[in-house]
Amino acid sequence: MVQSVSAAQEVRIGAAHFPPYTIRPEQGADTGVLPQLAEALNALQGDYHFVLVPTSIPRRFRDFEDGRTDMAIFENPDWGWKDIAHVNVDMGLEDAEVFVAQKKPDRSEAYFADLKGKRLALFSGYHYEFAQFNADPKYLAETYNATLTYSHDSNLLMVLRGRADIALVTRSYLFDYLNRNPGTAKELLISERVDQVYHHYALLRPKSPISGEAFSQLLERLRNKGELLKIFQPYRIEVMPTANAVNRHL
């Protein structure tokens, strides 16, 4: 049997545990935003077949450089990618990192103004603006009295149980958590202060089967069909207009 020359090219997307974007991919879970996006991309066209390859937040750089993955999604070029050749595709998606504390009668927005002397609960491997994007666990523990975990749920529970004063949580995750645990909304004080706005990019290997321009065009087709809004709006991830910007860092 002669193989069709039009067979779809496989594009491997690195899937690191980063809720609600990707949830425990190493366990074969197909929940989260990334699997929904891959499914929408595959349903849209037949030239490329997008598959998820489990990785981890620390390991994702090496997997990308070694060619085990072709693409990293929901990334920022400033998160440790400066010395790695890649092509940036602006996804036109924005999320944010917010501060969360236990609600108390005498506690207001002013509580978040100064982090000194407060016990922080942080997600291990994340790059926080208040810490100058230094993700080193030792530095965060010593400088900011931080406890680092791999679970936003654990960090929020530490705040609710008085074991941490402030947790930093991705806005998308926080609203997903409140939907799953509606009774906790009245117990939490959510800051108006934002640590940083996440403007999401897709990073592609220079030899990726799909070019930055082609991937940008697929995202634009999903945006125009309303598919991006359908996937991201429930998580309070903002779908922004984009000029299809593709930049190379080679």
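All figures in this text were calculated on a predicted structure; none of them were measured in a lab.

Draft legend 1. Region of interest: the packing of aromatic side chains. Under the counting rule described, the total for this entry stands at 17 aromatic pairs. With centroids separated by 5.4 Å and ring planes inclined at 80°, the aromatic side chains of Phe-18 and Tyr-126 adopt a geometry described as edge-to-face. One end of the pair, Phe-18, is in the loop between strand E1 (9-15) and helix H1 (33-44); the other, Tyr-126, is in the loop between strand E5 (120-123) and helix H3 (137-144), with 108 residues separating them in the sequence. Take Tyr-126: its relative accessible area is 5%, and that puts it in the buried class. Relative to Phe-232, the ring of Phe-74 has its centre 6.0 Å away and its plane inclined at 75°; by these criteria the two rings are edge-to-face. Separated by 158 residues along the polypeptide, Phe-74 in strand E3 (residues 71-75) and Phe-232 in helix H7 (residues 227-232) bring together distant segments of the chain. Three or more aromatic residues joined by ring pairs make a cluster, and in this case those are Phe-18, Tyr-21, Phe-74, Phe-123, Tyr-126, Tyr-128, Phe-130, Tyr-139, Tyr-144, Tyr-150 and Phe-232. For the cation-ring pair, Lys-118 lies above Tyr-111, with the distance from its terminal atom to the ring centre recorded as 4.7 Å. The cationic tip of Arg-236 hangs over the ring face of Phe-175; the distance from NZ or CZ to the ring centre is 4.0 Å.

Draft legend 2. Focus on the pairing of E3. Extensive coverage of E3 is indicated by the burial of five of its five residues. One ladder, built from two bridges, connects E1 with E3; its direction is parallel. Residue pairing across strands places Gly-14 opposite Ala-72, the latter belonging to E3.

Draft legend 3. Structural context of the nonpolar core. Formed by 62 residues in total, the largest nonpolar core has its most connected members in Phe-50, Ile-73, Phe-74, Ile-210 and Phe-215. Counting residues per element, this core draws most heavily on H1, which supplies seven residues. Not counting residues within four places of it along the chain, the set of residues in contact with Phe-50 comprises Val-11, Ile-13, Ala-38, Leu-41, Asn-42, Gln-45, Met-71, Ile-210, Phe-215 and Leu-218. Within the second largest apolar cluster, 15 residues are counted, among which are Val-98, Met-158, Tyr-173 and Tyr-177.

Draft legend 4. Quick look at the side chain of Asn-88. Here Asn-88 shows up in strand E4 (residues 86-102). Residue classification places Asn-88 among the buried positions, given a relative accessible area of 10%.

Draft legend 5. Looking closely at the pattern of salt bridges. Evaluated as defined, the whole model comprises 12 salt bridges. As a salt-bridge pair, Arg-68 and Asp-63 come within 3.0 Å of each other at their nearest N and O atoms. Residue classification places Asp-63 among the buried residues on the basis of a relative accessible area of 7%. Note that Asp-70 and Arg-205 form a salt bridge whose closest N and O atoms lie 3.0 Å from each other. Residue Asp-70 is located in the loop between helix H2 (60-65) and E3, and its partner Arg-205 is located in the loop between strand E8 (188-204) and helix H6 (212-225); the two are separated by 135 residues in the primary sequence. Here the salt bridges do not stand alone but share partners, grouping Arg-12, Asp-70 and Arg-205 into one network.

Draft legend 6. Focus on unusual backbone geometry. A positive phi angle is found at Phe-133, which is not glycine, with a value near 65°. The topology assignment puts Phe-133 in the loop between E5 and H3. Its identity as a non-glycine residue notwithstanding, Asn-145 has a phi of 50°, on the positive side. Within the fold, Asn-145 resides in the loop between H3 and strand E6 (146-149).

Draft legend 7. Layout of the environment of Phe-130. Secondary-structure assignment places Phe-130 in the loop between E5 and H3. Overall, the relative accessible area of 10% leaves Phe-130 in the buried class. In this structure the C-alpha to C-alpha distance between Phe-130 and Gly-32, which are 98 residues apart in sequence, comes to 27 Å. Residues within four places of Phe-130 in sequence aside, it is in contact with Leu-115, Leu-120, Leu-122, Tyr-144, Leu-168, Arg-193 and Asp-195.

The rules behind these values
Residues numbered from 1 in each chain as written. Predicted model: local features only at pLDDT ≥ 70, side-chain atom pairs only at ≥ 80, totals over all residues. Heavy atoms only, no water. Phe/Tyr/Trp six-rings, centres within 6.5 Å; stacked < 30°, edge-to-face > 60°. Helix = DSSP H or I, 4+ residues; strand = E, 2+ residues; numbered from the N terminus. Buried < 20%, exposed > 50% of the residue type's maximum accessible area, 1.4 Å probe, protein only. Lys NZ or Arg CZ within 6 Å of the ring centre and 35° of its normal. Pairing = 2+ DSSP bridges. Core = buried A, V, L, I, M, F, W, Y, C linked by side-chain atoms within 4.5 Å. Contact = heavy atoms within 4.5 Å. Salt bridge = Lys/Arg side-chain N within 4 Å of Asp/Glu carboxyl O.

These values are about where atoms sit, not about what they do.
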